[in-house]
Amino acid sequence: MTGMGNVREQAAFQDFVGASRRFWSERMLPVLTAEADAARRGPAPIDEATLAARLSERPTYDFFCWLERHLQRMKYSGPRGIVAALDARRDEFEAMLARPLPDGALRLDPDLALPGYYVDCDIHQQPGGLWSDPLGGAIYREAAGGSAGVVARSGLHDRFTSVVAAEMPEGWARLVDLGCGYGKSALPFARSRPEAVTVGVDLAAPALRLAAQLAADMQARNLRYLQADARATGLPAGEADVVTSTMVLHELPPDVIEAMLREAHRLLRPGGLSIHLDFLPANDAFARLLHFGHGRRNNEPFMEPLARMDLAAAHRAAGFEAFRVTAFEDEDGALDRPPDRKWRLPWAVVLARKPS
Ligand SMILES: C[S@@+](CC[C@H](N)C(=O)[O-])C[C@H]1O[C@@H](n2cnc3c(N)ncnc32)[C@H](O)[C@@H]1O
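To keep things clear, this report deals only with the structure shown in the data block. Note that the structure is a prediction, hence the values are computed from the model and not measured.

**As for the overall build of the protein**
Looking only at helices and strands, one finds 14 helices and eight strands in the protein. Taking 2.2 N^0.38 as the reference for a compact globule, 356 residues should give roughly 21 Å; the C-alpha atoms of the protein span a radius of gyration of 21 Å, in line with that estimate. Summarising its shape, the C-alpha atoms of the protein cover approximately 60 × 60 × 35 Å along the three principal directions. Looking at the 356 residues of the protein, the share that counts as buried comes to 38%. Counted over contacts in the protein with a minimum sequence separation of 6, partners at least 24 positions apart contribute 77%.

**Notes on the packing of helix 2 (residues 48–55) against helix 12 (residues 285–297)**
At their nearest, the axes of helix 2 and helix 12 sit 9 Å apart, and the two run at 80° to each other. The angle between helix 2 and helix 12 places the two elements in the roughly perpendicular class. When helix 2 is examined against helix 12, the residues Glu 48, Leu 51 and Ala 52 are found in contact with a partner set consisting of Ala 285, Phe 286, Arg 288, Leu 289 and Phe 292. Residues of the contact of helix 2 with helix 12, tallied by class, amount to six nonpolar, no polar and two charged.

**What about the sheet that holds strand 3 (residues 197–202)?**
Taken in spatial order, the eight strands of this open sheet run 1-4-3-2-5-6-8-7, and their pairing is mixed. Each edge of the open sheet carries a strand with a single partner, namely strand 1 (106–107) and strand 7 (321–327). Here helix 10 (residues 205–217) sits on the sheet and contacts strand 1, strand 3 and strand 4 (223–227); the angle it forms with strand 4, its principal contact strand, is near 170°. Taken strand by strand, helix 11 (residues 254–267) contacts strand 2 (174–178), strand 5 (240–246) and strand 6 (268–279), and its axis lies near 145° from that of strand 6.

**Some thoughts on the pairing of strand 5**
Of all the seven residues making up strand 5, six are buried; the element is thus mostly covered by neighbouring parts of the structure. Across six bridges, the pairing between strand 5 and strand 6 is parallel. Bridge pairing links Thr 244 to Ile 275 in strand 6. Taken together, strand 5, helix 11 and strand 6 constitute a β-α-β crossover, and its handedness is right-handed.

**A short note on unusual backbone geometry**
Among all residues except glycine, the phi angle is most often negative; among peptide bonds, the trans geometry is most common. Even without being glycine, Met 247 reaches a positive phi, approximately 60°. Inspection of the secondary structure assignment puts Met 247 in the loop between strand 5 and helix 11. Residue classification places Met 247 among the buried positions, given that 23 C-beta atoms sit within 10 Å. One non-glycine residue, Asn 299, adopts positive backbone phi at about 60°. Inspection of the secondary structure assignment puts Asn 299 in the loop between helix 12 and helix 13 (303–308).

**Describing the packing of helix 3 (residues 59–76) against helix 12**
Following both chains from N to C, one finds helix 3 and helix 12 inclined at 40°, their axes separated by 9 Å at the closest point. Considering their axes alone, helix 3 and helix 12 lie oblique with respect to each other. Relative to helix 12, the crossing made by helix 3 is right-handed. The residues of helix 12 that touch helix 3, namely those facing Cys 65, Glu 68 and Arg 69, are Gly 293, His 294 and Arg 297.

**Re helix 14 (residues 311–318)**
Among the residues making up helix 14, those that are buried are Leu 311, Ala 314, His 315 and Ala 318. Each buried residue of helix 14 lies within a common arc of 100° when the element is viewed along its axis, so the set occupies one face. Directly after helix 14, the chain includes Gly 319, whose backbone phi takes a positive value near 105°.

What counts, and where the lines are drawn
- Residues numbered from 1 in each chain as written.
- Predicted model: local features only at pLDDT ≥ 70, side-chain atom pairs only at ≥ 80, totals over all residues.
- Helix = DSSP H or I, 4+ residues; strand = E, 2+ residues; numbered from the N terminus.
- Rg over C-alpha atoms; globule rule 2.2 N^0.38 Å.
- Buried ≥ 20, exposed ≤ 12 C-beta atoms within 10 Å, placed from the backbone.
- Contact = placed C-beta atoms within 7 Å.
- Axes fitted to C-alpha atoms, helices over the stretch in contact; angles between N-to-C directions.
- Parallel < 35°, antiparallel > 145°, perpendicular 65-115°, else oblique.
- Nonpolar A, V, L, I, M, F, W, Y, C, P; charged D, E, K, R; others polar.
- Pairing = 2+ DSSP bridges.
- Right-handed = clockwise from strand over helix to strand, strands pointing away.
- Left-handed = near helix turned anticlockwise from the far one by under 90°.
- Arc of directions from axis to C-beta.

In C-alpha cells, the structure reads:
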C-alpha cells in the first residue's frame, strides 16, 4: 500500500467508525429507550442494576454497550486508528511542536510527579493517555475533533465562554483554566478578552506543547500555559477573577476534586467565580445506567463517583458560597430535544463564589 493509499484507507475507516457511532446514537438509542420504558413499567420505581438486568434479557442492550466500547477502541487503535495515522507523520508533528515560542508562553516542569489515578488508566481508551507520547496532545485533538468525536462540536467551548461572561458582566482581568488540555477550553477565553490574561494549567506536557504552538499560531499573546497539578498550581494567591475547568471534574477522584476546589479558592480574589463545565446525570435510572456505563466503557472511571459525590458540601468545605448547578445547552435546542433522539452527555455548569 502506498503512503497515500494508506491515508485514504485510514480516512475511510474513520468515516466508517463515525457513521457507526451515529447509527449507535440515533438508531439504536431510540430502540433501547423504548425497551427501557417497557422494562420500567409497573408501580414501583426500579434502580439501575435491576433495569440493566431486565434490559439484558433482549439483545439490544448488549450490542449497544459492545459498540460503544469497541467503536472507541477502533477510533484510536489498530492499523487504521488515529495513533497509527499520526505515528506515520511523527517527524512532521515533532518538528511543529519544537518550534520556538514567545517568552513566557509555556512553562513545563520535567520533575512534576504525575498522580497514580492519571497514569494508571488510558483515559478515553487513548493508548498511553495524553501524557506518555510526545504526540499525546495531537492524538487527543484528532480524536476530539474527528468524525467520531462526541465532545468537540464546534462552538461548545465558545458557548461556555458566554456562560462565564454572563456570570461576570464586568469581565475578568485574570482567568485560570485548570486541566486545559491542548487549549481548546483556554483559547476561547483568551480570544474573548484580549486585554485579560488567561493561564491554562495541565499535567500533560504533550498537550501543553501543542496548546502553546496553537496559541502562537493565533497570536494569542495573552495566553500562558503551565505544567502543574490543578491541586497545587504554584500560581499566586488571590489574583484570579475566574477559576474554571471544562470536562475535567469527571476525570478526577472525589478527593482530588476537593483539593482542586481548595486550590481554586486560594487562587481567587474575594468575590471571584469558580465555574466548571462537566457531566451530571439526572436522577433517573435509565439516564444513570447509560452515563455510568459510558464512563466504564470509555475508560473514565470517575464519572460515577462525581455523580454520587456531594458537590455542594465539597464547595462549602473549600470556602465557597452561592453554589449552583445549571443545565448547559451544548448545541441549539439540546435541552428541548426528546432524550431518545440522539445520545447526549448530561452537560452541567457547576458554579460558586468566593465570599467577598
Ligand atoms: C477531557 S480533558 C479536557 C481538556 C480541555 N479542558 C478541553 O475542554 O478540551 C481533561 C484534562 O484534564 C487534565 N488533568 C487531569 N487531572 C489533572 C490534574 N490533577 N491537574 C491538571 N490537569 C489535569 C488532563 O491532562 C486533560 O488534559
